[in-house]
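So you can see what is in the structure, the chains are spelled out below.
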Amino acid sequence: MSIVLDSGDIARALKRISHEIIERNHGLTGVTLLGIPTRGAYLAQRLAKIMAEIEFAPPVGTLDITLHRDDLRLRPPRPLLTTVLPEGGIEGRDVVLIDDVLFSGRTIRAALDALGEIGRPKSVQLAVLVDRGHRQLPIRADYVGKNIPTSALESVQVSLTEIDKLDQVEILGER
Amino acid sequence: MQSHLLSISDLSKEEAIQILDTAEELRKISDGPMKKLPTLRGRTVVNLFYEDSTRTRISFESAAKRLSADVINFSAKGSSVSKGESLKDTAQTLQAIGADAVIIRHGASGAAQRLADSGWISASVINAGDGTHEHPTQALLDAFTIRSHFPDFAADFTGLRVAIVGDILHSRVARSNVLLLAKMGASVTLVAPPTLVPVGAEKWPVKISYDLDSILPDIDVVMMLRVQQERMTNFFFPSAREYSRAFGLTNSRLALLQPKTIVMHPGPMNRGLEISAESADSTKSVVLEQVANGVLVRMAVLYTLLGGLPLNAGTERKS
């Protein structure tokens, strides 16, 4: 068990990602942030707050992908989380999906499916706090807080003050 | 939770609230542009209806289709049942076809339980009304509707006053509602002529009254029940007019209600008998909301029963 990012690291990573998103999209006029609950949604809020200090706050929404998962039948039913469409929708927008950990890529595949149901964005980009490798699908992140090489047996635990009392990322040992 | 929904007593309070919360999230999704969800793609849901139904059948059908399940509608009329086929043979036919869930409405109390326990089929069984026994999804959608009008009571109905009025004796809706409302903490009063109060109701977690006028001013929810003439094999009240005068929600009784009170009816309504047309169409009436909410709640039930790992598969898996 070891802590790989503390609260300062997380704040700096989010600040850098905010700048990268603005730079890549030549400003924020076309950008919409879409967080994947639970922690991706909080990260999206934080990014919007940082962006407000740099330029302005883009529209923020959340997208629950539970009903689009391909592993639903492998696990007991899980509770649904909140979907809030951002102001102005996603039609023709540069949508930045935001999640805490990128692992197999299946969550993002489900998110792309869910997005397709809602509308047709101009582009879809992906921002994650942690990329821990072990992809099972041809998916990559455009913005990464930190690449953390892990063993497939370890798990990565992201804690955010909004729900976990503190900000940190730790690797939990083999279970 | 088990893989069937036969009675409200199968559910704990937490499981019931979980279903209502799921329906709440589904409402947000359905109100947006995401009308159709891929969740139950490739799964087959059979509507097995031995009794007539408009609302419940189309509600289940619509719920299953919005989750991308394949739906087979079966009604006893026009099927081999009219040639004398037994429930067992019909059930085994459905098993052979590969049904993942069977939604059954039957005139005999306990039919859903029989189907679930018999070993005839491995599908999930959902009770959509069995005789005068239970109609659990109706109780869930009623609780959902109540909750959306009284947001202070989202997780607990303690302090909420509900009157269930009319033909309690023949009403599976009343039985399921009494169980669920009591489970959630509401105080429930049954109002009916003594002939339409079932034997044993004094042991239910309810108060019983024979005087509607004294109840109405102090109530948050009035649930009117249909007078089920098709089940009445006896004379339970002298005349429709007298019933209406004593136990119907007439225009003058509508005026007794507080501004926040809502009027519910599971449908189909006998306008002019248990509810006046003016009451049924008033702003207090949430009858059409109940229908709309029915689809969401049934989606939540289908998702809970079919969406995950089959719970009777018995395999443990860490997340």
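Since this is a predicted model, take the numbers as computed values, not measurements. (Residues numbered from 1 in each chain as written. Chains lettered and ligands numbered in written order. Predicted model: local features only at pLDDT ≥ 70, side-chain atom pairs only at ≥ 80, totals over all residues.)

Description of the overall build of chain B
What counts, and what does not: The helix and strand labels rest on DSSP assignments: H or I over at least four residues marks a helix, E over at least two residues marks a strand, and numbering proceeds from the N terminus. For the radius of gyration, the atoms used are the C-alpha atoms, and the globule rule reads 2.2 Å times the number of residues raised to 0.38. Every C-beta atom is placed from the backbone, and the number of other C-beta atoms within 10 Å of a residue's own sets its class: buried at 20 or more, exposed at 12 or fewer, partly exposed in between.
What chain B contains, in helices and strands, is 11 helices and 9 strands. On C-alpha atoms alone, chain B measures out to a radius of gyration of 20 Å, which is about the 20 Å that the 2.2 N^0.38 rule sets for 319 residues. Seen through its principal axes, chain B has C-alpha atoms that stretch 55 × 45 × 35 Å. Expressed as a percentage of the 319 residues in chain B, the buried residues total 46%.

Observations regarding unusual backbone geometry
The peptide bond linking P37(A) to T38(A) adopts the cis configuration, its omega dihedral lying at 0°. Looking at the element boundaries, T38(A) is found in the loop between strand 2 (31–35) and helix 2 (39–54). With an omega of -10°, the peptide bond between G267(B) and P268(B) qualifies as cis. Looking at the element boundaries, P268(B) is found in the loop between strand 9 (262–264) and helix 10 (277–280). The phi angle at H26(A) is positive, at roughly 55°, despite the residue not being glycine. Secondary-structure assignment places H26(A) in the loop between helix 1 (7–24) and strand 2. In the Ramachandran plot, K165(A) falls in the positive-phi region, its phi being about 80° despite a non-glycine side chain. By the element assignment, K165(A) lies in the loop between helix 4 (161–164) and strand 8 (168–172).

Details of the sheet that holds strand 1 (residues 44–49) of chain B
Residue and element names in this part refer to chain B. Basically, it comes down to this: When DSSP finds at least two bridges between two strands, those strands are taken to pair. Inter-axis angles, ranging from 0 to 180 degrees, are taken between N-to-C directions of lines fitted to C-alpha atoms, where helices are fitted over the stretch in contact.
Strand order in this open sheet of 4 strands is 2-1-3-4, and the pairing throughout is parallel. Strands at the two margins of the open sheet, each flanked by one partner only, are strand 2 (70–75) and strand 4 (124–130). Between one strand axis and the next, the sheet turns through 15° on average, direction left out of account.

Some details on the domain arrangement of chain B
All names here are of chain B. Applied cut-off: Each domain span listed reflects an automatic or database assignment of domains. Our contact criterion uses C-beta atoms placed from the backbone: two residues qualify when those atoms are within 7 Å. Any residue outside Ala, Val, Leu, Ile, Met, Phe, Trp, Tyr, Cys, Pro, Asp, Glu, Lys and Arg is labelled polar, Gly included; the first ten of those are nonpolar and the last four are charged.
Under the domain assignment, chain B is made up of domain 1 (8–135 + 292–313) and domain 2 (136–289). Between the C-alpha centres of domain 1 and domain 2 the distance comes to 25 Å. The partner domain 2 presents 26 residues to the 25 residues of domain 1 that form the contact. Every element with two or more residues in the side of domain 1 that touches domain 2 is listed here: helix 1 (13–31), strand 4 and helix 11 (287–306). For the side of domain 1 that touches domain 2, a count of residues per class yields 10 nonpolar, 10 polar and 5 charged.

Things to note about the interface of chain A and chain B
Taken residue by residue, the interface counts 19 residues in chain A and 21 residues in chain B. Of the residues assigned to the side of chain A that touches chain B, the class counts are 9 nonpolar, 4 polar and 6 charged.

Description of the packing of helix 2 (residues 55–66) of chain B against helix 11 of chain B
All names here are of chain B. What counts, and what does not: Note on angle classes: values under 35 degrees are labelled roughly parallel, values over 145 roughly antiparallel, values of 65 to 115 roughly perpendicular, and the remainder oblique. Each crossing gets its hand from how the near helix is turned against the far one by less than a right angle, where anticlockwise is left-handed and clockwise is right-handed.
Viewed as axis vectors pointing N to C, helix 2 and helix 11 meet at an angle of 55°, and their least axial separation amounts to 8 Å. Between helix 2 and helix 11, the angle falls in the class oblique. Remark: the crossing between helix 2 and helix 11 carries right-handed chirality. Seen from helix 2, the contacting residues are R55, S59, F60, S62, A63, A64 and R66; seen from helix 11, they are V291, G294, V295, R298, M299 and L302.

Brief notes about the packing of helix 1 of chain B against helix 5 (residues 136–149) of chain B
All names here are of chain B. Contact geometry for helix 1 and helix 5: axes closest at 10 Å, N-to-C directions at 65°. The two elements helix 1 and helix 5 meet at a crossing, and its hand is right-handed. Across the interface between the two elements, A16, I19, L20 and A23 from helix 1 touch L140, A143, F144 and R147 from helix 5. Taken together, the residues of the contact of helix 1 with helix 5 break down into 7 nonpolar, no polar and 1 charged.

Some words on the sheet that holds strand 8 of chain A
Residues and elements named next belong to chain A. Spatially, the 3 strands line up as an open sheet ordered 1-8-7, and their pairing is antiparallel. In the strand order of this sheet, the two ends are held by strand 1 (2–5) and strand 7 (155–159), each with one partner. Taken over all neighbouring pairs, the strand axes of this sheet differ in orientation by 30° on average, direction set aside. Where strand 7 and strand 8 come together, 5 bridges link them in antiparallel fashion. Counterpart to S155 in the pairing with strand 8 is L172.

Let's talk about helix 6 (residues 172–183) of chain B
Residue and element names in this part refer to chain B. Put simply, the rule is: Take the residue count of a helix, subtract one, and multiply by 1.5 Å to get its expected span.
A rise of 1.5 Å per residue sets the reference length of helix 6, with its 12 residues, at 16 Å; its end C-alpha atoms lie 17 Å apart and thus fit the reference within 8%. Residues R172, V173, A174, R175, S176, N177, V178, L179, L180 and L181 constitute the buried set of helix 6. Along its buried surface, helix 6 packs onto helix 1, strand 4, helix 5, strand 5 (161–165), strand 6 (187–191) and strand 8 (221–224). Just past helix 6, the residue G185 takes up positive phi, approximately 100°.

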